[in-house]
Amino acid sequence: DANNHITNTLLIKLFQYLFGDTTFVARLPNIIAFAFYLLFSYKIATRFFKPLIGILLFLALFCNPFLLDFFGLARGYGIAISLMIISIYYLLNFIKTQELKQGYISLILASFAVISNFPLINYWVALFFIIHFNYIYSNGLNRKFFKLIVTNTLILCALFLIIYEPIRKLIAQNSFYYGGDTSFYSDTLHTLTSFSLYEPYDFETTRIILNSLLVFFVLMAAFTWFRNFRIANLFKDIKFYISLLLIIPILSNITQFYLLDTLYLIDRTALFYYPIVIIVIFIYINDIEYKKVTFLPLAYGTILCTALIINLVNNLNLYKTVTWDHDSRTTEILSHINDIG
């Protein structure tokens, strides 16, 4: 079944064996995953960003009520996103140090993220390409590169063997029905924004905010790329690789829609895009350097982070999710009916 997120299911079985069968125990794997998400968000923010920009990045990475929903549920989304953020940390280490071990760890973690939630295959494809392209450009086709690609191909084969049968069954059962068929903008970006605002059916407000964010991002890209743009330096720039980490999964989903007749990712299935988008935005902010407007990067980051915090404060709660708000009082209702009956 598509709702059987494999890693989450296995961890629930393990935790129930160790700690008993309760709702909290079933949710515990995602709660633990959130602790790792925070830890590696902090490590990314402090190691690869300027201090103040890093603090804002750290806040932005979890200031999303829709994201937090899935770290409190017995589903695979939170686990997958946590594994992805750890994988990104090791990718950044790999780009910085060119140590093969960092690349292996990043890809293995991404593979477990795919097993946790299949849409993460789009992230995996991007990661696989970036690791090898970056190493070739930095070091050429040397002996270590062939070691890198052989090892990573073995990781690919192992992942394929694990997910082939579940995906074959899901296709046979027509289980990949959850998604959109209009466009990446309307289905993926629009639904992810509206659910993050905790207003999934306020289409007009969502459109205004989404378009404003897109303009905001374009302006930042202009400030960073066009100031000192050199094609010769493009492949040396970490912004290029982190941008690919967002662009390739987007192109992957669009390609699948046209070639494989799959649907566009929507709301919770597209949630893994959120941390990537935030990291991309802040890595551009981090790279803005204008002597006459030194306040600009901090101003950009503060405005964005403030908006995210206000949205979180307005919508954060401990009793419902925006996706299944109709289930928010199920336990109390069933207890009440049981008392009457």
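Up top you'll find the structure we're talking about.
Attention in this report is confined to the structure presented alongside it. No experiment lies behind these values; they were computed from the predicted model shown. (Residues numbered from 1 in each chain as written. Predicted model: local features only at pLDDT ≥ 70, side-chain atom pairs only at ≥ 80, totals over all residues. Heavy atoms only, no water.)

## A look at the pattern of salt bridges
To keep things clear, this is the line we draw: The salt bridge definition used is simple: a Lys or Arg side-chain nitrogen within 4 Å of an Asp or Glu carboxyl oxygen. Runs of E in the DSSP output that reach at least two residues are strands. Runs of H or I that reach at least four are helices, and both are numbered from the N terminus. Three exposure classes are used, based on accessible area relative to the maximum for each residue type with a 1.4 Å probe and protein chains only: buried under 20%, partly exposed in between, and exposed over 50%.
If you walk through the whole model with that rule in mind, you get 6 salt bridges. The residue Glu165 makes a salt bridge to Arg168 at a minimum N-O spacing of 2.7 Å. Within this pair, Glu165 and its partner Arg168 are both found in helix H8 (residues 143-172), separated by 3 residues, close to a single helical turn. Residue classification places Arg168 among the partly exposed residues on the basis of a relative accessible area of 38%.

## Focus: a nonpolar patch on the surface
Filter applied, for reference: Each patch is built from salt-bridge-free residues with over 30% relative accessible area, joining like charges within 9 Å and nonpolar side chains (Val, Leu, Ile, Met, Phe, Trp, Tyr) within 5 Å. What sets the accessible areas is the Shrake-Rupley method with a 1.4 Å probe; for residues, cover comes only from the shown protein chains.
A surface patch of nonpolar side chains, about 500 Å² in accessible area, is lined by Leu14, Tyr17, Leu18 and Phe19. In this fold, Tyr17 is placed in helix H1 (residues 6-19).

## Description of the packing of helix H3 (residues 51-62) against helix H13 (residues 273-286)
Put simply, the test is: Axes here mean lines fitted to C-alpha atoms, for a helix over just the part in contact, with angles spanning 0 to 180 degrees between N-to-C directions. Oblique is the label for any angle not under 35 degrees, not over 145, and not in the 65 to 115 range, which are roughly parallel, roughly antiparallel and roughly perpendicular in turn. Each crossing gets its handedness from the near helix: less than a right angle anticlockwise from the far helix is left-handed, clockwise is right-handed. Pairs of residues are marked as contacts when any of their non-hydrogen atoms sit within 4.5 Å.
Close contact between H3 and H13 brings their axes to 10 Å; oriented N to C, the two are set at 165°. Relative to H13, H3 is oriented roughly antiparallel. In this structure, H3 crosses over H13, and the sense of that crossing is right-handed. In this structure, H3 uses Ile53, Leu56, Leu57, Ala60 and Leu61 to contact H13, whose residues at the interface are Tyr274, Pro275, Ile278, Ile279, Phe282, Ile285 and Asn286.

## Examining the packing of helix H6 (residues 100-116) against helix H7 (residues 121-139)
This is how the line gets drawn: Side-chain classes follow a simple rule in which Ala, Val, Leu, Ile, Met, Phe, Trp, Tyr, Cys and Pro form the nonpolar group, Asp, Glu, Lys and Arg form the charged group, and the remainder, Gly included, forms the polar group.
The contact between H6 and H7 brings their axes to 9 Å, and the two run at 170°. Here H6 lies roughly antiparallel to H7, going by the angle between them. For the pair H6 and H7, contact is made by Leu100, Gly103, Ser106, Leu107, Ala110, Ser111 and Val114 and by Ile121, Tyr123, Trp124, Leu127, Phe128, Ile131 and Tyr135, respectively. Residues of the contact of H6 with H7, tallied by class, amount to 11 nonpolar, 3 polar and no charged.

## Observations concerning the packing of aromatic side chains
The following threshold applies: Two rings from Phe, Tyr or Trp (for Trp, the six-membered ring) form a pair when their centres sit within 6.5 Å of each other. Planes less than 30 degrees apart are called stacked, planes more than 60 degrees apart edge-to-face, and all others tilted.
One pass over the structure, following the stated rule, counts 32 aromatic pairs. Ring centres of Phe94 and Tyr135 lie 6.4 Å apart, and the angle between their planes is 25°; on these two criteria the pair is classed as stacked. Of this pair, Phe94 sits in helix H5 (residues 77-97) while Tyr135 sits in helix H7, placing them 41 residues apart in sequence. Residues Phe94 and Tyr135 agree in their burial class; the two are buried. Between Phe133 and Phe235, the aromatic rings sit 5.1 Å apart at their centres with planes inclined by 85°, giving edge-to-face as the arrangement.

## What to know about the environment of Thr269
To keep it simple, the criterion reads: Here a polar contact is recorded for every N or O atom pair within 3.5 Å, except that within protein the pair must consist of a potential hydrogen donor and a potential acceptor, and residues adjacent in sequence are included only if both atoms are side-chain atoms.
Among the structural elements, Thr269 can be located in the loop between helix H12 (238-259) and H13. Using a relative accessible area of 10% as the deciding quantity, one classes Thr269 as buried. Considered as a pair, Thr269 and Leu120 are 149 residues apart in the sequence and their alpha carbons are 8.8 Å apart. Sequence-distant contacts of Thr269, defined by excluding residues within four places in its chain, comprise Tyr77, Pro119 and Tyr178. A polar contact is formed between the side chain of Thr269 and the backbone oxygen of Ile266, at a distance of 2.7 Å.

## Here's the deal with unusual backbone geometry
Keep in mind that most residues, glycine aside, have a negative phi and that most peptide bonds are trans. A positive phi is found at Gln98, a non-glycine position, where the angle reads about 60°. Within the secondary structure, Gln98 sits in the loop between H5 and H6. The backbone phi angle of Asp267 is positive, close to 25°, even though this residue is not glycine. Among the secondary structure elements, Asp267 is positioned in the loop between H12 and H13.

## Examining the nonpolar core
This is how the line gets drawn: Side-chain atoms within 4.5 Å link the members of a nonpolar core, which is a set of buried Ala, Val, Leu, Ile, Met, Phe, Trp, Tyr and Cys residues.
Counting 100 residues, the largest nonpolar core has Ile44, Leu57, Ile85, Ile88, Tyr123, Phe272 and Phe282 as its most contacted members. Counting residues per element, this core draws most heavily on H5, which supplies 15 residues. Not counting residues within four places of it along the chain, the set of residues in contact with Ile85 comprises Tyr37, Phe40, Ser41, Ile44, Leu61, Pro275 and Ile279.

## Some thoughts on helix H9 (residues 184-196)
Put simply, the rule reads: Multiply 1.5 Å by the residue count of a helix minus one, and that product is the helix's expected span. We define the bend at any residue as the angle between the axes fitted to the seven residues before and including it, ending there, and the seven starting there.
For H9, built from 13 residues, the straight-helix expectation of 18 Å at 1.5 Å per residue is met to within 8% by its first-to-last C-alpha distance of 17 Å. The sharpest bend along H9 reaches about 30° and sits at His190. In terms of residue burial, H9 counts as a mostly covered element, since 10 of its 13 residues are buried. Listed as buried for H9 are Phe184, Asp187, Thr188, His190, Thr191, Leu192, Thr193, Ser194, Phe195 and Ser196. One or two steps after H9, the chain reaches Tyr198, where phi turns positive at roughly 60°.

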